[in-house]
Amino acid sequence: MTPPFKKELGYVGLGKMGKNMVLRLAEKGWKVLAFDRNPAVAKEIAAKTIHPVAELNRLLAEFSSSPRIVWLMVPAGKPVDDVIEGLGELREGDIVVDGGNSFYEDSHARAQKLAERGIHFLDVGVSGGPGGARNGASLMVGGERDAYEILMPLWNDLAVAQGFGYVGGSGAGHFVKMVHNGIEYGMMQALAEGFAIMKGASAELGLIDLAHIAHIYNHGSVIESSLTRWLRDGFKEYGEELREVSGSVAHTGEGEWTVKTAHKLGIPAPIIEAAFAFRVASEKNPSYTGKILSALRNQFGGHSIK
């Protein structure tokens, strides 16, 4: 389909994910008007089709096409509202895309508020970490179907093959991503516990290194997955003892939101709840299982091992 607009996009937030997405878009022929609160970051990736914008309130004025499309990749909560406010005068037909991990109820409220002014708001769950952002992500899009259809060229250029789709109305994209992250908590916890058990039995059974076992698991077994591959990579990088890696596991909002939403809906989610509780408890009770989880988070998301 031929888009009714040029491949021109405003992009706010050039962290690990944002920077990689902008580089990918530039390679796909998009003109990107890039803003970060640290001007040096935008200047770093300036190129023929990547144009740093020094001030947020100047970003909309730099567009040469309509509708103006602005992608936000900033932390959840107030930062999203601050950026929308800081953009200046959005006009009817403009499209704002929130690709961060916002709470789905906040996204629904933002969409309603902007719709009153004729402005479209799409909430997009983005999965795949910095590597996916650079090489093709998984995208879960919520909001107005018509706005989703208009941006089909964007989804095609950002996502891995067959890795995007429309999942429902306003808030649905972030809801689906929230549940995805809750599931991720449970899957990571099972891997970490299983390998901790093997570590505990290694001396008695003479088990060879855990990285090799993860490699075997990841070739044809039922638990073959990206997570198992990242676990192998973590062992290879930090060693089986994971000495440099923290046994206390950091956690972001999505796991907690998933648990609270399950309670609200009256739907049992004992595995996700236990995985989240483990991370909270690990702050005071670090363990080898926690080290594995921290190593996994580092491999797929670039999170600190400390």
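Being a predicted model, the structure only gives us computed values, none of them experimental.

## Some points on the nonpolar core
Side chains that are nonpolar tend, in soluble globular proteins, to be buried together. The biggest cluster of nonpolar side chains holds 35 residues, and the ones touching the most others in it are Tyr 11, Trp 71, Val 97, Leu 154 and Trp 155. Ranked by the residues each element gives to this core, the list is headed by helix H1 (residues 16-27), at 5 residues. Non-local contacts of Val 97, meaning those with residues more than four positions away in its chain, are made with Ile 69, Val 70, Trp 71, Leu 72, Leu 122, Val 124, Leu 151 and Trp 155. Listed in part, the 25 residues of the second largest apolar core include Ala 214, Trp 230, Phe 235 and Ala 295.

## Quick look at unusual backbone geometry
Of note, the bond from Ser 66 into Pro 67 is cis; its omega dihedral lies within 30 degrees of zero at 0°. Its place among the elements puts Pro 67 in the loop between strand E3 (50-52) and strand E4 (69-72). Positive phi, close to 60°, is recorded for Gln 162, a residue that is not glycine. On the secondary structure map, Gln 162 appears in strand E8 (residues 159-168). Positive phi outside glycine occurs at Leu 242, with the angle close to 50°. In this fold, Leu 242 is placed in the loop between helix H10 (226-238) and helix H11 (253-265).

## A closer look at the pairing of strand E7 (residues 137-142)
As a general feature of sheets, a regular strand has side chains that alternate between the two faces. The element E7 is extensively covered by neighbouring structure, given that 5 of its 6 residues are classed as buried. Of the strand pairs in this sheet, strand E6 (residues 120-127) and E7 are connected by 5 bridges, and their pairing is antiparallel. Considered in E7, the bridge of Ser 127 is made with Ser 138. Examined bridge by bridge, E7 and E8 share 5 bridges and lie parallel to one another. The partner of Met 140 across the bridge, within E8, is Gly 165.

## A few points about the side chain of Arg 110
Within the secondary structure, Arg 110 is located in helix H4 (residues 104-115). Of the polar contacts made by the side chain of Arg 110, one reaches the side chain of Asp 81; its length is 2.8 Å. Contact partners of Arg 110, with chain neighbours within four places excluded, come to Gly 77, Val 80, Asp 81, Ile 84, Asp 98, Ser 102 and Phe 121.

## Let's talk about the pairing of strand E5 (residues 95-98)
A two-sided burial pattern is seen for E5, the buried positions comprising Ile 95 and Val 97 on one face and Val 96 and Asp 98 on the other. Bridge count between E4 and E5: 4 bridges; the pairing is parallel. Its bridge partner lying in E5, Trp 71 is registered against Val 97. Regarding the hand of the β-α-β motif, the stretch spanning E4, helix H3 (residues 78-86) and E5 is right-handed. Pairing analysis gives 4 bridges linking E5 to E6, with the strands arranged parallel. Each residue of the ladder has a partner; that of Asp 98, found in E6, is Asp 123.

## Brief notes about the packing of H11 against helix H12 (residues 270-282)
Interaxial distance between H11 and H12 falls to 9 Å at its minimum, and their mutual angle equals 140°. Compared by their axis directions, H11 and H12 come out oblique. Relative to H12, the crossing made by H11 is left-handed. Contact residues: H11 offers Gly 255, Glu 256, Thr 258, Val 259 and His 263, while H12 offers Ile 272, Glu 273 and Phe 276. Classifying every residue of the contact of H11 with H12 gives 3 nonpolar, 3 polar and 2 charged.

## Section: the environment of Leu 191
In this fold, Leu 191 is placed in helix H8 (residues 172-205). Between the C-alpha atoms of Leu 191 and Thr 258, which are 67 residues apart in sequence, the distance is 20 Å. Contacts of Leu 191, omitting those with residues within four sequence positions, involve Ile 223, Leu 227, Thr 228 and Leu 231.

## Overview of the packing of H8 against H10
Where H8 meets H10, the closest approach of the two axes is 11 Å, and the angle between their N-to-C directions is 45°. Taken together, H8 and H10 sit at an angle that is classed as oblique. Once H8 is placed against H10, the crossing between them reads as right-handed. The residues of H10 that touch H8, namely those facing Met 187, Met 188, Leu 191 and Phe 195, are Leu 227, Thr 228, Leu 231 and Phe 235. Looking at side-chain class alone, the contact of H8 with H10 contains 7 nonpolar, 1 polar and no charged residues.

Calculation notes
- Residues numbered from 1 in each chain as written.
- Predicted model: local features only at pLDDT ≥ 70, side-chain atom pairs only at ≥ 80, totals over all residues.
- Heavy atoms only, no water.
- Core = buried A, V, L, I, M, F, W, Y, C linked by side-chain atoms within 4.5 Å.
- Buried < 20%, exposed > 50% of the residue type's maximum accessible area, 1.4 Å probe, protein only.
- Helix = DSSP H or I, 4+ residues; strand = E, 2+ residues; numbered from the N terminus.
- Contact = heavy atoms within 4.5 Å.
- Pairing = 2+ DSSP bridges.
- Polar contact = N/O pair within 3.5 Å; in protein donor to acceptor, adjacent residues only side chain to side chain.
- Right-handed = clockwise from strand over helix to strand, strands pointing away.
- Axes fitted to C-alpha atoms, helices over the stretch in contact; angles between N-to-C directions.
- Parallel < 35°, antiparallel > 145°, perpendicular 65-115°, else oblique.
- Left-handed = near helix turned anticlockwise from the far one by under 90°.
- Nonpolar A, V, L, I, M, F, W, Y, C, P; charged D, E, K, R; others polar.

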